[in-house]
Amino acid sequence: MKNLIQKYNIPGPRYTSYPTVPFWDKEGIAQQDWERTVKKSFDESNEAEGISLYIHLPFCESLCTFCACHKKITKRHEVEQPYIETLLKEWDLYCDLLVERPKIREIHLGGGTPTFFSSENLKKLINGIFKRADKFETFDFSYEGHPNHTSKEQLQTLFDLGSRRNSFGIQDYDPVVQKAIHRVQSFEQVKRVNDLSREIGYTSISHDLIFGLPFQTEESIRNTIKNTIALKPDRIAYYSYAHVPWIKGVGQRGFDENDLPKDNEKRHLYELGKQLFFDNGYVEVGMDHFALPTDSLHKAMESKKLHRNFMGYTAGKTELMIGLGMSSISDSWYAFAQNEKTVEAYTEKVNNGIIPIFRGHLLTDTDLIIRKHILNLMCNLETEWKIGLDTKVKAEIIERLQEIIDDGLIEVSENKITVKEEGRMFVRNVCMAFDLRLIDNKPGTRVFSMTI
């Protein structure tokens, strides 16, 4: 396994979309094409499955140096209200386009730090959304919280607005690691928000951990997971740290690659964590996720309804996902579009009555076929050849997979390809064999994080 990790640990996409953002058409997408695909997707799916909303709340009081998200660092909370007003104006632009009332199946508040916002402003946001929308018959509302900046009032307010699931960014409990990533929070703080969530009535609590952070050791990971298990969250996201300091604004400057666990050492931290999760009743779901058998994410995997999009893994699929807020990415299934990346540019477009996208991609027929295969692999660890591939393309994919087949990591039959248990850690590498845009346009500079 050690040799396989060295062999396959190469830069590669995480496949929250296909095509991945670096391979979107350089010409972008015309505003009318984006609006046309949104309307088409909505008309096809609103009644049957509803739509998803991702709302980006970008403000943080301090910079975490592991973070590669689009955020704005400030302690000035007067930014809250105008930003909420802009979000609701953007929502109005979409509702005017859709005409009929959307049925919302899923809302996720991401960031940034959603709990940077006051209870009053969070209430204004969610109530404002539902002035022009209804809840789908199954409704899931989740949000990310910072343990140091989440109050009982916020937890209760969001619960009263319909949320039953929240996620707390833990990352690591070791003081040396916390100092390096500028995310200092005690176990007591995490326990406080976790226990309050249980008392209020949340039915699914998730903790986010990261392996591969600077100065992490086997001992520190054991202690972090021991503390996590003591609180028994329903889900655990155990992410591989993506070291991408070349991307503007990520803030990964307080350490360098020499401070990070190396290939096999990093993978050992993952395997150690995985075994500890297994020993405590968790089941592996997709890539990087673990859940208790009672959690909806595990149930979705069992029923093959697991879905993956820009929000990560979700327990239900919607054809249309609208992203509100600066830098948010929307998915109409037929196209992707990303909003302006700064608050200022985003606000200016919305105030001028323009849906504030600045780039996007209109999927081709081939893109749609490859997208289905990659989604199947990322969610179900298998895909059937009958999904649209011609004989020549299929043969080329199998040829690219030959080393992975020879290494005993996948099984390929006449009907389908299946990722074996020992090949799960290499699923991104398997997907790369299907990624025609990556194959045709290999980047000349470093774009992606390492696959393992």
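Residues numbered from 1 in each chain as written. Predicted model: local features only at pLDDT ≥ 70, side-chain atom pairs only at ≥ 80, totals over all residues. Heavy atoms only, no water.

(A) Local environment of the packing of helix α4 (residues 119–129) against helix α5 (residues 152–160). It is at 9 Å that the axes of α4 and α5 come closest, and there the two elements cross at 15°. By the angle between their directions, the pair α4 and α5 is classed as roughly parallel. Seen from above, α4 lies across α5 with right-handed handedness. Contacts between α4 and α5 pair S119, L122 and K123 from the former with E153, Q154, T157 and L158 from the latter. When grouped by side-chain class, the residues that make up the contact of α4 with α5 number two nonpolar, three polar and two charged. (Axes fitted to C-alpha atoms, helices over the stretch in contact; angles between N-to-C directions. Helix = DSSP H or I, 4+ residues; strand = E, 2+ residues; numbered from the N terminus. Parallel < 35°, antiparallel > 145°, perpendicular 65-115°, else oblique. Left-handed = near helix turned anticlockwise from the far one by under 90°. Contact = heavy atoms within 4.5 Å. Nonpolar A, V, L, I, M, F, W, Y, C, P; charged D, E, K, R; others polar.)

(B) Geometry of the packing of α5 against helix α7 (residues 187–200). It is at 10 Å that the axes of α5 and α7 come closest, and there the two elements cross at 35°. The two elements α5 and α7 cross, and the hand of that crossing is right-handed. Along the contact surface, α5 presents K152, L155, Q156 and F159, while α7 presents V193, L196, S197 and I200. Split by residue class, the contact of α5 with α7 holds five nonpolar, two polar and one charged.

(C) Here's a closer look at the environment of Q171. Among the structural elements, Q171 can be located in strand β6 (residues 165–171). Spatially, the C-alpha atoms of Q171 and F211 are 7.9 Å apart, while their sequence positions differ by 40 residues. Apart from the residues lying within four places of it in its own chain, the contact partners of Q171 are F66, I181, R183, D208, L209, I210, L213, Q216 and T224.

(D) Local environment of the nonpolar core. The biggest cluster of nonpolar side chains holds 73 residues, and the ones touching the most others in it are W91, L109, L125 and Y238. Broken down by element, the residue count for this core peaks at nine residues, all from helix α3 (residues 80–98). In this view, W91 contacts I51, L53, P102, I104, G128, I129, R132, A133, I322 and L324; residues no more than four positions away in its chain are not counted. (Core = buried A, V, L, I, M, F, W, Y, C linked by side-chain atoms within 4.5 Å. Buried < 20%, exposed > 50% of the residue type's maximum accessible area, 1.4 Å probe, protein only.)

(E) Just helix α2 (residues 31–49), in detail. Look at α2: 25 Å from first C-alpha to last across 19 residues, which is about the 27 Å you get at 1.5 Å a residue. For α2, the principal kink sits at D43 and spans about 35°. Turning to α2, its buried residues number three or more, namely W34, T37, V38, S41, F42, S45, N46 and E49. Backbone geometry just downstream of α2 places G50 in the positive-phi region, at approximately 75°. (Expected span 1.5 Å × (residues − 1). Bend = angle between axes of the 7 residues up to and from the residue.)

(F) The domain arrangement of the protein chain, seen in detail. Parsing the protein chain into structural domains produces domain 1 (14–362) and domain 2 (365–441). Placing a centre on the C-alpha atoms of domain 1 and another on those of domain 2 gives a separation of 27 Å. Contact with domain 1, which involves 24 residues of that partner, is made by 23 residues of domain 2. One salt bridge connects D25 with R437, and the closest N-O pair in it is separated by 3.6 Å. Listed by contribution, the elements that provide at least two residues to the side of domain 1 that touches domain 2 are α9 (263–279), β9 (283–285), β11 (307–309) and β16 (357–362). Residue contributions to the side of domain 1 that touches domain 2 peak at three residues, all from α9. (Domains from an automatic or database assignment. Salt bridge = Lys/Arg side-chain N within 4 Å of Asp/Glu carboxyl O.)

(G) Fine view of the pairing of strand β4 (residues 103–111). A large share of β4 lies buried, amounting to seven of its nine residues. Sheet topology note: the strand β1 (residues 51–57)/β4 ladder contains seven bridges and is parallel. Bridge pairing in β4 places Y54 opposite H108. As defined by bridge partners, β4 adjoins strand β5 (residues 134–145) across six bridges and the pair is classed as parallel. Looking across to β5, one finds that I107 is bridged to F141. Assessed by its sense of winding, the connection that carries the chain from β4 through α4 to β5 is right-handed. (Pairing = 2+ DSSP bridges. Right-handed = clockwise from strand over helix to strand, strands pointing away.)

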